[in-house]
Structures are given as C-alpha cells and as structure tokens.
Amino acid sequence: MNGFRNFMTGRYGTDQLTVALIILGMVLTFTGDVFNLNLLTLISYAAFLMSIYRTLSKNIIARRKENTKFLHYWNPAKDWLSTKYSILKSNKSYKYFKCPNCKQELRVPRGRGKISVTCQKCHTKFIQKS
Ligand SMILES: [Zn+2]
C-alpha cells in the first residue's frame, strides 16, 4: 500500500471528468457490444486510456483546467436533467392539467377521485378527476 501511495504522490488522481470518461467508456463498450459496432468499442478504449492518463498525470494545472471546462458544460446539463427527473417523479403524486377557461397549468394530488378545483389565475371552478 505504501508503494502505491508513493507512486501516486504528485499525480493528479480522479475528478468528475475522469469519472465521466469511465462512465462514457462503459456505455460505449456496452452499446458497441449490443449493436456489434467495433468502432464504438475502440472509442471506449480511448475513453478508458484517457481516464487512466489523467489520473496518473503529473501536470495538475492542465488537468484542473480540463475539469473546469468539463464542469462548465456538465453542470447546466446536470441541472436540466435533475429538473426533468423531479418532474417525472412528481408525476406519480400529482396530476397535471390545464384550466378550461384560461389554459393555466394546474396540478392536483392524485387518487382523490373527482374533486372541485378553483383556478388560481382566473378563479374558474370546475370538477376534475384526480
Ligand atoms: Zn383559469
């Protein structure tokens, strides 16, 4: 274990970009396998090699710059995905529909049978299945 610690001294180690490269490599390997596409498998090797290279690299400043660049694009994508995911999750507990009068998007908790709804925007009252 001590030898490994000495070996890793002064090396960059892992970051979000390295983890992303490993995940990308696994996805490409799997996809290449399923659809029998050798090119994808080849690209997956490149992703794996790149992740190893970055982990063992001693040029810490350059690796940090790459990771910052990666996060600049990844963070907005991650936020978008997590918003979509939370909407998908809340679809189980809420029913979404539009007000028949003003088309305002409304939601009610699911599983309450037919309930009387009052639109928050135009105050129209109507019956809605929940
Ligand atoms: Zn309305």
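In what follows, the structure referred to is the one given above.
What comes next concerns the included structure. Per chain, residues are indexed from 1 in the order of the written sequence. Given that this is a predicted model, residues contribute local features only at a pLDDT of at least 70 and side-chain atom pairs are listed and counted only at 80 or more, while totals for whole chains, interfaces and linings are drawn from all residues. Hydrogens and water molecules were not included; the side-chain quantities draw on all heavy atoms of the structure.

### A few points about the nonpolar core
We define a nonpolar core as any set of buried Ala, Val, Leu, Ile, Met, Phe, Trp, Tyr and Cys residues linked to one another through side-chain atoms lying within 4.5 Å. Exposure categories follow from relative accessible area, calculated using a 1.4 Å probe and restricted to protein chains: below 20% of the type maximum is buried, above 50% is exposed, and the middle band is partly exposed. With seven residues, the main nonpolar core is built from Phe97, Cys99, Leu106, Val108, Val117, Cys119 and Phe126. Any two residues having at least one pair of non-hydrogen atoms within 4.5 Å are treated as being in contact. For cysteine 99, the contacting residues outside a window of four places in its chain are Gln104, Leu106, Cys119, Cys122 and Phe126.

### Quick look at the pattern of salt bridges
Salt bridges are defined as contacts in which a side-chain nitrogen from Lys or Arg sits within 4 Å of a carboxyl oxygen from Asp or Glu. In this structure the tally under the stated criterion is three salt bridges. When the shortest N-O distance is used, the salt bridge between arginine 54 and glutamate 66 registers 2.7 Å. Highlighted residues: arginine 54 in helix H3 (residues 38-56) and glutamate 66 in helix H4 (residues 60-90), separated in sequence by twelve residues. A salt bridge links arginine 63 to glutamate 66, with the nearest nitrogen and oxygen atoms 2.9 Å apart. Remark: glutamate 66 and arginine 63 occur in helix H4; sequence separation between them is three residues, near one turn of the helix. For arginine 63, a relative accessible area of 7% corresponds to the buried category. Classification of glutamate 66 as partly exposed rests on a relative accessible area of 31%. Connected through salt bridges with shared partners, the residues Asp15, Arg54, Arg63 and Glu66 form a single ionic network. A run of DSSP states H or I qualifies as a helix once it reaches four residues; a run of E qualifies as a strand once it reaches two. Both are numbered from the N-terminal end.

### Overview of the coordination of the zinc ion
For the zinc ion, every protein donor is listed as Cys99 (SG), Cys102 (SG), Cys119 (SG) and Cys122 (SG), and the spread of their distances is 2.3 Å. Geometry at the zinc ion is tetrahedral, judged from its four donor atoms and the angles of 108 to 111° they form at the metal. Sequence spacing of the donor residues for the zinc ion, all on one chain, is C-x2-C-x16-C-x2-C. Here a donor is any nitrogen, oxygen or sulfur atom (N, O, S) within 2.8 Å of the metal, with 3.2 Å used for Na, K and Ca; water is not among the atoms considered, so some sites may look incomplete. Angular criteria define each label, namely tetrahedral for four donors with all angles between 85 and 135 degrees, square planar for four and octahedral for six donors with opposite donors over 155 degrees apart and remaining angles between 65 and 115, and irregular for whatever fails these tests.

### Section: the side chain of serine 44
When you line up the elements, serine 44 lands in helix H3. Leaving out residues up to four positions away in the same chain, serine 44 has contacts with Gly25, Leu28 and Thr29.

### Details of the packing of helix H2 (residues 16-34) against H4
Here H2 crosses H4 at 70°, and the two axes come no closer than 8 Å. On the basis of their axis angle, the class for H2 and H4 is roughly perpendicular. For the pair H2 and H4, contact is made by Gln16, Leu17 and Ala20 and by Glu66, Asn67, Phe70 and Leu71, respectively. Any residue that is not Ala, Val, Leu, Ile, Met, Phe, Trp, Tyr, Cys, Pro, Asp, Glu, Lys or Arg is counted as polar, Gly included; the first ten are nonpolar and the last four charged. Of the residues belonging to the contact of H2 with H4, the class tally is four nonpolar, two polar and one charged. Lines fitted to C-alpha atoms define the axes, with helix axes restricted to the stretch in contact, and inter-axis angles between N-to-C directions lie between 0 and 180 degrees. Reported orientations rely on four angle classes, namely roughly parallel under 35 degrees, roughly antiparallel over 145, roughly perpendicular from 65 to 115, and oblique for the rest.

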